[in-house]
Amino acid sequence: MTIVVTGGAGFIGSNFIFHMLQTYPDYRIVCLDKLTYAGNLSTLKGVMDAPNFRFVRLDICDREGVVRLFSEEHPDAVVNFAAESHVDRSLLDPAPFFRTNVEGTRTLLDVSRRSGVKRYHQVSTDEVYGALPLVGGQAFTEQSALHPNNAYSESKARADEIVLQYAGQGFPATISRCGNNLGPYQHPEKLIPLMIVNALADQPLPVYGTGENVRDWLYVEDHCRAIDLILHEGRSGEVYNVGGHNEMRNIDVVKLICKELDRPESLITFVADRKGHDMRYAIDAAKIRNELGWLPETTFRDGIRRTVRWYLDHREWWQEIVSGEYQSYCRRMYGDR
Ligand code: NAD
Ligand code: TYD
């Protein structure tokens, strides 16, 4: 079986590639990635020389390039992780989000259908459902209406609609909508790695607003197992929510990181809130549990310990990132203060 994995030089895509190569040594994995600021070839160095792995630098919006690759590889399946993924960047400049997340998804679907791909999987997010109030409100089910509140979640919601359109026309496609992931190889622009990296440098830990916003966290390996299951056993045309029943307030996550790193909570600095900041996400993952038998295996506490340990042991990985494009992003985000 040959699987094209897009966005495999990013956080979740790379973890998925490691999971698949380990679980299915007879599969061929072809990683297609544009290597934007969020993609790192060094993440894949451990698998680069594997005989059943190929990396191709390519934009999912480059139709001719994707057609050429698919005619060489004849993939059986496509798993689409490629995306602009950071909400704060979507507030600064929404254009790349619609290009990659919407048009890129449409291009991939179209080329996949024409190439006879037997299964397409779209990696989506719980953020398409919008926000719940801090107290009350039903956890998101697959039937919940889509109410995206920023350009990131809007572009992901539009992509999901296109996938469902193709599935409705008979093309075998599935969608997973997961909560916030934690684990190795996440870009330090996101909450958990940002706090670890700043705490290690005794820099302020910028918590937006009051820090009461809630996210539903899942360890990345559990997410990868869920995608693997859906790819092999999920029903075409279906959406599967993926969540760890692990709702945490941001402030509590940051305090836990301080504790794990033995850094004082006085580093925590409350900063201006994100515009349109979604208050709370919570996922009802009963469908994937009942239909496919999936359950998370890593507790949040273990996940955060493993993540903190990984960042301590892989300083060269994130130091290269924070010294590059990230500097100009921080200036755009926070000004020169
Ligand atoms: P990421 O930002 O770490 O990685 C994105 C990858 O996509 C990078 O390697 C980048 O180079 C690549 N890419 C971007 N534009 C591309 C293009 N036009 N063509 C080819 N490659 C391109 O993202 P992530 O956190 O790993 O998220 C992966 C997917 O999972 C996304 O679709 C995201 O919406 C979804 N998701 C993420 C989370 C989370 O907590 N991180 C939660 C739920 C769903
Ligand atoms: P983030 O990791 O950007 O993921 P998402 O916005 O997709 O959920 O942010 C997680 C939460 O942490 C979110 O409520 C915003 C908050 N946050 C901060 O308080 N400070 C920060 O520096 C960042 C990056 C995020």
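Going by the structure above, here's the rest.
What you see is a predicted model; the values in this text were computed from it and never measured.

Caption draft 1: Helix α2 (residues 63-73), seen in detail. Within the span of α2, buried status applies to G65, V66, L69, F70 and E73. Down the axis of α2, the buried set is contained in an arc of 130 degrees. They therefore lie on one face. Close packing links the buried residues of α2 with β1 (2-6), β2 (28-33), β3 (53-57), β4 (77-80) and α4 (95-114).

Caption draft 2: The site of ligand 2, seen in detail. As a structural note, the neighbourhood of ligand 2 is formed by 18 residues, with E127, P206, R215, R274 and H277 the closest of them. In the model, an oxygen atom of ligand 2 is placed 2.9 Å from a nitrogen or oxygen of the Y208 main chain. One of the side-chain N or O atoms of N250 is found 2.9 Å from an oxygen atom in ligand 2. When isolated, ligand 2 has an accessible area of 510 Å², and the protein chains bury 97% of it. Elements with a contribution of two residues or more to the shell around ligand 2: α6 (191-200) and β8 (205-208). Taken together, the residues of the shell around ligand 2 sort by class into 8 nonpolar, 5 polar and 5 charged.

Caption draft 3: Up close: the packing of α6 against helix α10 (residues 300-313). Running from amino to carboxyl end, α6 crosses α10 at an angle of 50 degrees, the nearest separation of the two axes being 10 Å. As far as their axial angle goes, α10 and α6 are oblique. Of the two elements, α6 crosses α10, and the hand of that crossing is right-handed. In this structure, α6 contributes I192, P193, I196 and L200 to the contact, and α10 contributes F300, I304, T307, V308, Y311 and L312.

Caption draft 4: Highlighting unusual backbone geometry. Phi is positive for D202, close to 55 degrees, though the residue is something other than glycine. Positive phi outside glycine occurs at H245, with the angle close to 50 degrees. We classify H245 as exposed; its relative accessible area is 54%.

Parameters and conventions
- Residues numbered from 1 in each chain as written.
- Chains lettered and ligands numbered in written order.
- Predicted model: local features only at pLDDT ≥ 70, side-chain atom pairs only at ≥ 80, totals over all residues.
- Heavy atoms only, no water.
- Buried < 20%, exposed > 50% of the residue type's maximum accessible area, 1.4 Å probe, protein only.
- Helix = DSSP H or I, 4+ residues; strand = E, 2+ residues; numbered from the N terminus.
- Arc of directions from axis to C-beta.
- Contact = heavy atoms within 4.5 Å.
- Near = heavy atom within 4 Å.
- Polar contact = N/O pair within 3.5 Å; in protein donor to acceptor, adjacent residues only side chain to side chain.
- Areas by Shrake-Rupley, 256 points an atom, 1.4 Å probe, with all protein chains shown as cover.
- Nonpolar A, V, L, I, M, F, W, Y, C, P; charged D, E, K, R; others polar.
- Axes fitted to C-alpha atoms, helices over the stretch in contact; angles between N-to-C directions.
- Parallel < 35°, antiparallel > 145°, perpendicular 65-115°, else oblique.
- Left-handed = near helix turned anticlockwise from the far one by under 90°.

That's the geometry; what it means functionally is another story.
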